[in-house]
Amino acid sequence: MRILIGSLHFYFISFLFSRANGFLTLRTPTAYAFPFYNYSYLNLSSVSKAQAPKTARALNFSHNVIEKITKRDLEGFDMLEVLDLSYNQIKDIEPGAFERLLSLVSVNLSFNDKKLLVSGLPPHLKLSPASEASGSLQLYKYFDKSPEAALEPSASAEELPHSGGPSVLQNVHLRPRRSTEHLLRRAEKNVTVSPTAALRPNFCGAPINGILDLSNSKLCEEELTLKLDPNLCQAQLESILELDISHTDLEMDLLSLSVLFLPMKNVQSVDASYNKLTINVLDAEAICNFPFSKLLFLNISNNPINSLDTLCLPSTIKVIDLSFTNISQIPQNFAKKMFNLENMYVQGNDFIYTVRPEITNAVTKFPPGTVHINAISFVRNQAGTPIESLPKKVKHLKMSNCSIVELPEWFAGTMEELLFLDLSSNRIAVLPDLPTSLRHLDISNSDIKIIPPSFKSVSNLTIFNIQNNKITDMHPEYFPLTLTKCDISKNKLNLLSLTDALQKLEYLNVSGNLITRLEAASHLSALTNLDSSHNLISELPDRFGESLPMLKYFNLSGNKISFLQRGSLPASLIELDISNNAITTIVEDTFGQLTSLSVLTVQGKHFFCNCDLYWFVNVYIHHPHLQINGKGHLRCSFPPDRRGSLVESSNLTLLRCSLGIQMAITACVAILVVLALTGLCWRFDGLWYVRMGWYWCMAKRKQYEKRPENKLFDAFVSYSEQDAHWTKENLLEKLETDGFRICYHERDFKPGHPVLGNIFYCIENSHKVLFVLSPSFVNSCWCQYELYFAEHRVLNENQDSLIMIVLEDLPPNSVPQKFSKLRKLLKRKTYLKWSPEEHKQKMFWRQLAAVLKTTNEPLVRAENGSAQDMYEME
């Protein structure tokens, strides 16, 4: 057996070296011992985005979307010799971009924008004579001999990989990879065991219960090869059933890794995820044969595989995980290589739809010094889809988040055994044709707007997930009759109509739509779970519960329901969620019929905490077999005095909510009150006081109706006792000296009259009302009365007659809350401010006299007028 394995190794390597020339194909960034890096087919918009190593000697940026080359893009690549920029959209090259690349030998700019002009080349580069061909543009380093001779490969040179377009890496000398050299040495050794081999048994990986776990061990390729060396570890290798080398930062190609599986003739599962595995450069399809392989499961997800063109793996594999491997297509030969595959995972990749331009033989001549370059259109490749093939035996296919726009035309007819399909998080706009064998379909997070009638042909489908799309109408007659679970949440449905076309449906999720009404046209005896949360439903039909006799789980949260009437809920409910609605009450007529209900989730702050809620608060909430979630957070919105308080704390007693008891007590109390009032009136002459109160009200009414037309005073002064000295000695003396008639309460109040009557009389008989504001003013109750009466007069007469004089500064926060009118006046009215400075006092008296001489303006005009010559509070 060891001799056979060694011979197969040697045959492998010999074939690779014999086929090296012209057999290399790459898709995405791959590095070699010779510092060559391939960034083709990556959809790059600039060279700098690739962040290529500055030590690179060859760079391939072909088949991208680069539009401009700048000096900054190529800065620091002092060792760069070969640069391929073909098949891009380059329109402009900054002068001097190649000037500092002294080691540069060849630049390929073929098949770019037609208007690209190359001028101002550095001395060491010149245009190739072949640039006259259509679409071809190459720059070569100037040699004494011809460019063709300078770039002609030597006898020992090997051609670097390049897909599409003329090769530009012809003069680069590659050395074989270290892994290839190591395998070659192993092949040459054949079955010969070195004398020291027996002295190093600890290097072998020892499986435990058939599992060799090397994960998170940070192994390099040489160390892994040593642990799996068949010359040293044959016994251990034959006992391996499962191999785990994930999360090891392993750097090697898949072909080299596959060769390591050859001695493991019993291995069934390999997990090589989260490493740095790349696709093998050489295409070994002709010898890709693993005769003793039993491998069934392979996980190479989260590796920079980049391409499947040269994939070489055992065909016995039934489950493969290619998720997040940066592959851009599934090539045509994949189905042929992996024909036993049943489960395939490729999510998280970015499938690219491209087309290669046709190269014609016609030669177009252009003026000297100009170059014509073809453009590239990124639409789709020649096969019409990046999914060129899939194994026919695949039953479980997961292709989520792959930038898929559509499925190939052959998909429905070819994948006849497919049971599970995940196309979520793609860019699919039209529901594709699907195989009739499909049972589980997930096409969520896409751009689908309608469900076509042809969807019914998927006659075996049982689970359908189309959430987070743009569906506006749901036609149950288009759905397969076998459907048991459907998730159509987060779409744009306006109406949900449940018909007998969904007779086998058990679970339905329509949450997060725009549904305003639920309609049940027939009995759905199988439906047990319905989620219609977060819609715009305001009510349920009165017989909605009868149409869903087996419904057990019902989610109505996040809607606009204010009341649930009798018959709207099925009696079979076990769990019900009505939280975050506008429900105001929970009544016995509706919820008393739900005898099977065990869990009720109810949250909200719109409850009417009146006697309609008596049954819920005192009876239902204490039900021994019912769990009510959120009952401790329910809030009242009515009556106003209970707004915001907890529903649980509502004092809804039988005395408050029983109308009969209330009427009996009220009658008794009324009789007692009448008897008591009759006795008091008889004892204390109550009739006489009633008569006097009536006369006082009539007199006040006449006083309001007959207001004085000719005012006796020019102004009434309102002030506190602490400010009486300033008011009398300064304000009163000055104004009366100037000829104004001032109403002063110590002098002008009529003796024997009530104080409030005097205040009201003086305000009514004065043109203006002066308020002397100070901290002591806001602490005076009499000043508050005067302010209220004055404000009352302003509102009745619609004339602004109030004058504010600030004797001492009043900070806004110093005014008590009870002086609400004063606070409002200080915010919207201007006022006069007394100053101890003599020159400002003259201005104060002049302004005050001017205001007193003016007539009272209408209230609206006074509030909106200008405040010139006034001082406002800061």
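Residues numbered from 1 in each chain as written. Predicted model: local features only at pLDDT ≥ 70, side-chain atom pairs only at ≥ 80, totals over all residues. Heavy atoms only, no water.

> Where do I start with the nonpolar core in this structure?
Phe-464, Phe-554 and Phe-591 are the most contacted members of the largest nonpolar core, which has 121 residues in total. Elements with a minimum of two residues in this core: helix H5 (230-238), helix H6 (254-261), strand S20 (495-498) and helix H10 (614-618). Broken down by element, the residue count for this core peaks at 4 residues, all from H6. Dropping the residues within four chain positions of it, Phe-554 is found in contact with Leu-518, Leu-530, Ser-532, Leu-540, Phe-544, Leu-569, Leu-573, Glu-575, Leu-576 and Asp-577. With 27 residues, the next largest nonpolar core counts Tyr-39, Ala-52, Leu-116 and Val-118 among its residues. (Core = buried A, V, L, I, M, F, W, Y, C linked by side-chain atoms within 4.5 Å. Buried < 20%, exposed > 50% of the residue type's maximum accessible area, 1.4 Å probe, protein only. Helix = DSSP H or I, 4+ residues; strand = E, 2+ residues; numbered from the N terminus. Contact = heavy atoms within 4.5 Å.)

> How do you make sense of the environment of Val-619 when you look at a structure like this?
Tracing the chain through its elements places Val-619 in the loop between H10 and strand S28 (627-629). For Val-619, a relative accessible area of 43% gives the class partly exposed. In sequence terms Val-619 and Glu-588 are 31 residues apart; their C-alpha atoms lie 9.5 Å from each other.

> For this particular structure, what's the right way to read the environment of Trp-410?
As for its position among the elements, Trp-410 is in the loop between strand S15 (396-398) and helix H8 (411-414). It is 9.0 Å that separates the C-alpha atoms of Trp-410 and Ser-389, two residues lying 21 residues apart in sequence. Not counting residues within four places of it along the chain, the set of residues in contact with Trp-410 comprises Ile-387, Glu-388, Ser-389, Leu-390 and Met-415.

> Explanation requested: helix H14 (residues 724-737) in the structure shown.
Residues separated by three or four positions in an α-helix point in the same direction, a consequence of the helix having 3.6 residues per turn. Taking 1.5 Å per residue, 14 residues should reach 20 Å; H14 reaches 18 Å between its end C-alpha atoms and fits that length. Residue Leu-731 marks the point of greatest curvature in H14, where the axis turns by about 25 degrees. If you follow the buried residues of H14, they end up packed against strand S30 (713-718), strand S31 (742-743), helix H15 (745-748), strand S32 (766-773), strand S34 (802-806) and helix H19 (838-853). Gly-739 sits one or two positions beyond H14 and adopts a positive phi of about 95 degrees. (Expected span 1.5 Å × (residues − 1). Bend = angle between axes of the 7 residues up to and from the residue.)

> What am I meant to see in the sheet that holds S32 here?
What holds strands together in a sheet is hydrogen bonding between their backbones, with the strands either parallel or antiparallel. Taken together, 5 strands build an open sheet; the order of strands is S31-S30-S32-S34-S35 and the sheet is parallel. What marks the edges here is a single partner per strand, and that holds for S31 and strand S35 (832-833). Pairing of S34 with S35 involves 2 bridges; the strand directions are parallel. Bridge pairing links Val-806 to Lys-833 in S35. (Pairing = 2+ DSSP bridges.)

> Any chance you could explain the packing of aromatic side chains here in plain terms?
Centre distance and the angle of the planes are the two values used to describe a pair of aromatic rings. Under the counting rule described, the total for this entry stands at 17 aromatic pairs. Aromatic side chains Phe-455 and Phe-479 sit 5.9 Å apart centroid to centroid with 90 degrees between the ring planes, which places their arrangement in the edge-to-face category. Separated by 24 residues along the polypeptide, Phe-455 in the loop between strand S17 (440-442) and strand S18 (463-465) and Phe-479 in the loop between S18 and strand S19 (485-487) bring together distant segments of the chain. Judged by relative accessible area, Phe-479 falls into the buried class, the value being 1%. Three or more aromatic residues link up through ring pairs in this structure, and these residues are Phe-591, Trp-615, Phe-616 and Tyr-620. Over the ring of Tyr-507 we find Lys-485, and its NZ or CZ is 5.2 Å from the ring centre. (Phe/Tyr/Trp six-rings, centres within 6.5 Å; stacked < 30°, edge-to-face > 60°. Lys NZ or Arg CZ within 6 Å of the ring centre and 35° of its normal.)

> So what exactly am I meant to see when it comes to the state of the cysteines here?
One way to say it: the disulfide is the covalent bond shared by the sulfur atoms of two cysteines. Across all of its chains, the model carries 4 disulfides by this definition. Between the sulfur atoms of Cys-609 and its disulfide mate Cys-636 the distance is 1.7 Å. Around the S-S axis, the bridge from Cys-609 to Cys-636 shows a dihedral of about -85 degrees and counts as left-handed. Taken together, the residues span a long stretch of sequence, with Cys-609 in the loop between strand S27 (607-608) and H10 and Cys-636 in strand S29 (residues 636-638) at a distance of 27 residues. As far as burial versus exposure is concerned, Cys-609 and Cys-636 are alike and both buried. Here Cys-611 is linked by a disulfide to Cys-657, with a sulfur-sulfur distance of 2.4 Å. One disulfide, between Cys-611 and Cys-657, carries an S-S torsion of -85 degrees and so falls in the left-handed class. With Cys-611 in the loop between S27 and H10 and Cys-657 in helix H11 (residues 654-657), this pair connects stretches of sequence that are 46 residues apart. For the chain, the bonded cysteines pair up as 1-2, 3-4, 5-7, 6-8 when numbered in the order they occur along the sequence. The thiol of Cys-743 is unpaired, and the distance to the nearest cysteine sulfur, on Cys-762, comes to 3.1 Å. (Disulfide = S-S within 2.5 Å.)

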